[in-house]
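# Structural overview
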Amino acid sequence: MATMIRPLLRTTGRQVAAASRRCVHIESRIEAAGIELPPPPGPKANYDLTCYSDDNTLFISGHLPIKNDGETLITGALAPDAGGLTVEEGYEAARHCGLNILSTMKNHLGDLDRVEQVVKLFGIVNSHVDFKEQHLVMNGCSDLFMEVFDKPVGYHARSAIGTNTLPLDASVEVEAIVRIKKPE
């Protein structure tokens, strides 16, 4: 397995100030649900951003299903009838994508209570040609966001598509668009 190089995390003055005024309602909900966030993942290719924000929108790059150890990647195509991953395994992979997105959001924002609205999730599922249940796989990420942010903040538009391969043979990749509150 190739060694992954992770960039140093950069903290801006705005992130430090926001951290000193954290509300932690969402983080309390995460803890109460027994959800553990992985370390924020770094880029896996020639780009230096896992997310970009303007005044009120956070654009989150595609995140892979890396488990909480920060290294184990869930790989393979969804193909229950052809010896591949099952819908349940794909659901868990999509949930791991969501956990990684949450970790990136927390790292970037300093406080998940700054999330005003999850606007859209876009999921790509590594699929055998006969697999037609990408929407059920993506429920893993959508259900997580509803569990963490609840109504109405967690409700989002969503797309789920299938493809014949993904980078690093990942089983799922998810990107997100999130509307954020300005720091106080």
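Everything numeric in this text was worked out from a predicted model, so none of it was measured.

## Considering the nonpolar core
Among the nonpolar cores identified, the biggest contains 37 residues, and Met105, Phe145 and Phe149 are the most heavily contacted of them. Secondary structure elements with two or more residues in this core: α2 (25-32), β2 (57-63), α3 (87-109), β3 (115-126), α4 (134-149) and β5 (172-180). For this core, the element with the highest residue contribution is α3, accounting for nine residues. Those residues in contact with Phe145 that lie beyond four places of it in its chain are Gly98, Ile101, Leu102, Met105, Val118, Leu121, Asp150, Gly154 and His156. Core analysis: the second largest hydrophobic core is formed by six residues, Ile66, Leu73, Ile124 and Leu166 among them.

## Topic: the confidence of the model for the protein
Per-chain confidence: the protein averages 88 in pLDDT, with 88% of residues scoring 70 or above. Here residues 1-20 is modelled with pLDDT under 50, and outside its nearest four sequence neighbours on either side it reaches 20 contacts, counting other chains as well.

## Focus on the environment of Glu116
With respect to the element layout, Glu116 can be found in strand β3. Through-space distance from the C-alpha of Glu116 to that of Asn56 is 9.0 Å; in sequence the pair is 60 residues apart. Those residues within four positions of Glu116 in sequence are excluded, and the remaining contacts are Val153, Arg179, Ile180 and Lys181.

## Brief notes about the sheet that holds strand β4 (residues 157-163)
The five strands are arranged β1-β2-β5-β3-β4 in an open sheet whose pairing can be described as mixed. The open sheet has two edge strands with one neighbour each: β1 (51-53) and β4. Strand after strand, the sheet turns through a mean of 10 degrees between neighbouring axes, direction not considered. Packed on one face of the sheet, α3 meets β1, β2, β3 and β5 and runs near 40 degrees to β5.

The rules behind each value
- Residues numbered from 1 in each chain as written.
- Predicted model: local features only at pLDDT ≥ 70, side-chain atom pairs only at ≥ 80, totals over all residues.
- Heavy atoms only, no water.
- Core = buried A, V, L, I, M, F, W, Y, C linked by side-chain atoms within 4.5 Å.
- Buried < 20%, exposed > 50% of the residue type's maximum accessible area, 1.4 Å probe, protein only.
- Helix = DSSP H or I, 4+ residues; strand = E, 2+ residues; numbered from the N terminus.
- Contact = heavy atoms within 4.5 Å.
- pLDDT = per-residue confidence, 0-100.
- Pairing = 2+ DSSP bridges.
- Axes fitted to C-alpha atoms, helices over the stretch in contact; angles between N-to-C directions.

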